[in-house]
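The lines below spell out each chain.
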Amino acid sequence: MINISKSIIISVILVCGSAGQMQAQDKDRADMKQKTENRISTGECEKAKDNYKIFKEIYGSDSELERKLAACGQSTPTSSVIPRKSYEPEMVYVQGGTFTMGCTSEQGNDCYGDENPAHQVTLNSYYIGKYEVTQAQWKDVIGSNPSNFKGDNLPVEQVSWEDVQDFIARLNSLTGKNYRLPTEAEWEYAARGGSQSRNTKYSGAYSVDNAAWYSSNSDSKTHPVGTKQANELGIYDMSGNVWEWCSDWYGNYSSASQTNPRGGATSGSNRVFRGGSWNSDAQYVRVPYRSNTAPDPRSYNLGFRLASSSK
Ligand SMILES: [Ca+2]
C-alpha cells in the first residue's frame, strides 16, 4: 500500500508543471476514485478505506466517496444479489443540472406527439432508486405480495398509484425518511444518465437489448431487477422490465424552460408512468416516451421506483 501511495504521489509530482498537467491530474484523481468505488462495489470495505486514505492525502476529501464508504458493507452492492430482508432501497445520487426533456435528436423519427415540444428543464439534486422496488421490499413493508409473477428479486407489479402512496407512507413511518415517487422530469433526467448522459436512445444503451427486458427478449415475464446493463449513473431497468409510476398528473409539455417542474398539469385525472415493460415493443422503452392512466388501475407490467430529495 505504501508503494502504491508513493507511486501515485510521484506520478502527480511528475505531471505537475508540464503542459496539460491539470488534465493528467484530473485523470489520476478520477482513476483513483474509480478504483476506490470499485472496492466499495465489490464489498471490499477495508481496502476501499485504505485507498481513500491515500486519495485524501493527495487530493483532499471527497464527500461522495465518504458517503459511499460510510454505507459500505451495509447493503449488498452487486446487481445479482439484492438485500432481501431490508425494505430500505439502494438510492443513487443524481447531481442536479439542466437538460432537454422530451423529443431529442437521438430519438430520430420515433417520437410521439406528446414528447413535444422538447424543452429545457433544470433540476435540483436528488436521489433515485438504483432498482425498481422489489417484491421482497414490498412484502417487508406491506406484508403481502400482489404481483402476478412471483419472486423476491422481481419487481413488484399490480400496484396502483394509490397503493404506492400507501407503501411510501408506511416506509417513511418505518424509516423516518421522506421517500416519494420521482417527478416525471426527475425520472427522465435519471434515465438519460443525468450529467453523465451519453444521449442514448434507451436508458444507458444504444442497443435496446442491452438496456431493457422488453417484448422481444423477456420471454413474456418480468426479470430480477439489475440484470440488464446499468445506465451512466449505475441505475438499472429504467428502460423495460416494469413501467414505473411517477408522481405527476399527466399533461401536455410547454416549450418554456422550467425549474423542478411538477408535471404537465397541476391537477388532472391521469398519473404518468414511464419506461416501458417486459411486454412493450422497443419504441415504448425509449427514454422520453410517456404514458398515463388513472391512479387506481393495477397491471402486471406496472411497478415503480422511489426517489427522495435528501439522503
Ligand atoms: Ca422499468
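Scroll up for the structure.
Thresholds applied
- Residues numbered from 1 in each chain as written.
- Predicted model: local features only at pLDDT ≥ 70, side-chain atom pairs only at ≥ 80, totals over all residues.
- Helix = DSSP H or I, 4+ residues; strand = E, 2+ residues; numbered from the N terminus.
- Buried ≥ 20, exposed ≤ 12 C-beta atoms within 10 Å, placed from the backbone.
- Contact = placed C-beta atoms within 7 Å.
- Pairing = 2+ DSSP bridges.
- Axes fitted to C-alpha atoms, helices over the stretch in contact; angles between N-to-C directions.
- Core = buried A, V, L, I, M, F, W, Y, C linked by C-beta atoms within 7 Å.
- Parallel < 35°, antiparallel > 145°, perpendicular 65-115°, else oblique.
- Nonpolar A, V, L, I, M, F, W, Y, C, P; charged D, E, K, R; others polar.
- Expected span 1.5 Å × (residues − 1).
- Arc of directions from axis to C-beta.

Visitor: Please set out the overall build of the protein residue by residue, giving values where relevant.
Guide: Secondary structure summary: the protein contains 8 helices and 10 strands in total. In the protein, buried positions account for 40% of the 311 residues. A sequence separation of at least 24 residues applies to 69% of the contacts in the protein between residues at least 6 apart.

Visitor: Can you tell me about unusual backbone geometry, naming the residues and giving the values?
Guide: Geometrically, the link from Asn116 to Pro117 is a cis peptide bond, its omega value of -5 degrees lying close to zero. Residue position: Pro117 is located in the loop between β2 (97-101) and β3 (119-123). Non-glycine residue Gln158 carries a positive phi angle of around 60 degrees. Along the chain, the position of Gln158 falls in the loop between α5 (135-142) and α6 (161-175). C-beta crowding within 10 Å serves as the criterion here: with 18 such atoms nearby, Gln158 is assigned to the partly exposed category.

Visitor: Any details on the sheet that holds β2? Residues and values, ideally.
Guide: Pairing within the open sheet is mixed, and its 3 strands lie in the order β2-β3-β6. What marks the edges here is a single partner per strand, and that holds for β2 and β6 (258-259). Judged from the 2 bridges that link them, β3 and β6 form a sheet pairing that is parallel. Of the residues in β6, the one forming a bridge with Val121 is Gln258. The strands touched by helix α7 (residues 184-191) within the sheet are β2 and β3, with β3 carrying the most contacts at an inclination of about 95 degrees.

Visitor: How would you summarise the pairing of strand β7 (residues 271-274) if you had to cite specific residues and measurements?
Guide: What you see with β7 is no split at all: Arg271 and Phe273 on one side and Val272 and Arg274 on the other are buried throughout. As defined by bridge partners, strand β5 (residues 243-249) adjoins β7 across 3 bridges and the pair is classed as antiparallel. Bridging from a neighbouring strand, Trp245 pairs with Phe273 of β7. In terms of strand pairing, β7 meets strand β8 (residues 290-293) through 4 bridges, oriented antiparallel. In the strand pairing of β8, Phe273 is matched with Ser291.

Visitor: How would you explain the environment of Ser160 if you had to name every residue and give the values?
Guide: Summarising the element assignment, Ser160 is placed in the loop between α5 and α6. Linking Ser160 and Asp296, residues 136 residues apart in sequence, is a C-alpha distance of 5.1 Å. Residue contacts for Ser160: discarding those within four places in its chain leaves Pro295, Asp296, Pro297 and Arg298.

Visitor: Describe the nonpolar core, naming the residues involved and giving the relevant values.
Guide: One broad rule of soluble globular proteins: the nonpolar side chains tend to lie buried together. Counting 55 residues, the largest nonpolar core has Val94, Ile128, Val164, Ala190 and Ile235 as its most contacted members. Elements represented by at least two residues in this core include exactly β1 (91-94), β3, β4 (126-129), α6, α7, α8 (208-211), β5 and β7. Other than its neighbours up to four places away in sequence, Ala190 contacts Val94, Ile128, Leu233, Ile235 and Met238. The next biggest cluster of nonpolar side chains, apart from the first, holds 6 residues, and it includes Ala48, Tyr52, Phe55 and Cys72.

Visitor: Account for the packing of α5 against α6, naming residues and giving values.
Guide: Contact geometry of α5 with α6 gives a least axis separation of 9 Å together with a crossing angle of 75 degrees. Between α5 and α6, the interaxial angle falls into the category roughly perpendicular. Along the contact surface, α5 presents Trp138, Val141 and Ile142, while α6 presents Phe167, Arg170, Leu171 and Leu174. Counted by class, the contact of α5 with α6 contains 6 nonpolar, no polar and 1 charged residues.

Visitor: Just give me the short version of α6, but keep the residues and values in it.
Guide: Spanning 15 residues, α6 covers 21 Å between terminal C-alpha atoms, matching the ideal 21 Å at 1.5 Å per step. What α6 keeps buried is the set Trp161, Val164, Phe167, Ile168 and Leu171. Taken end-on, α6 shows its buried residues confined to a sector of 105 degrees, consistent with a single buried face. Across from the buried face of α6, at angles greater than 90 degrees, the exposed residues are Ala169 and Ser173. Those residues of α6 that are buried lie in contact with α5, β5 and β7.

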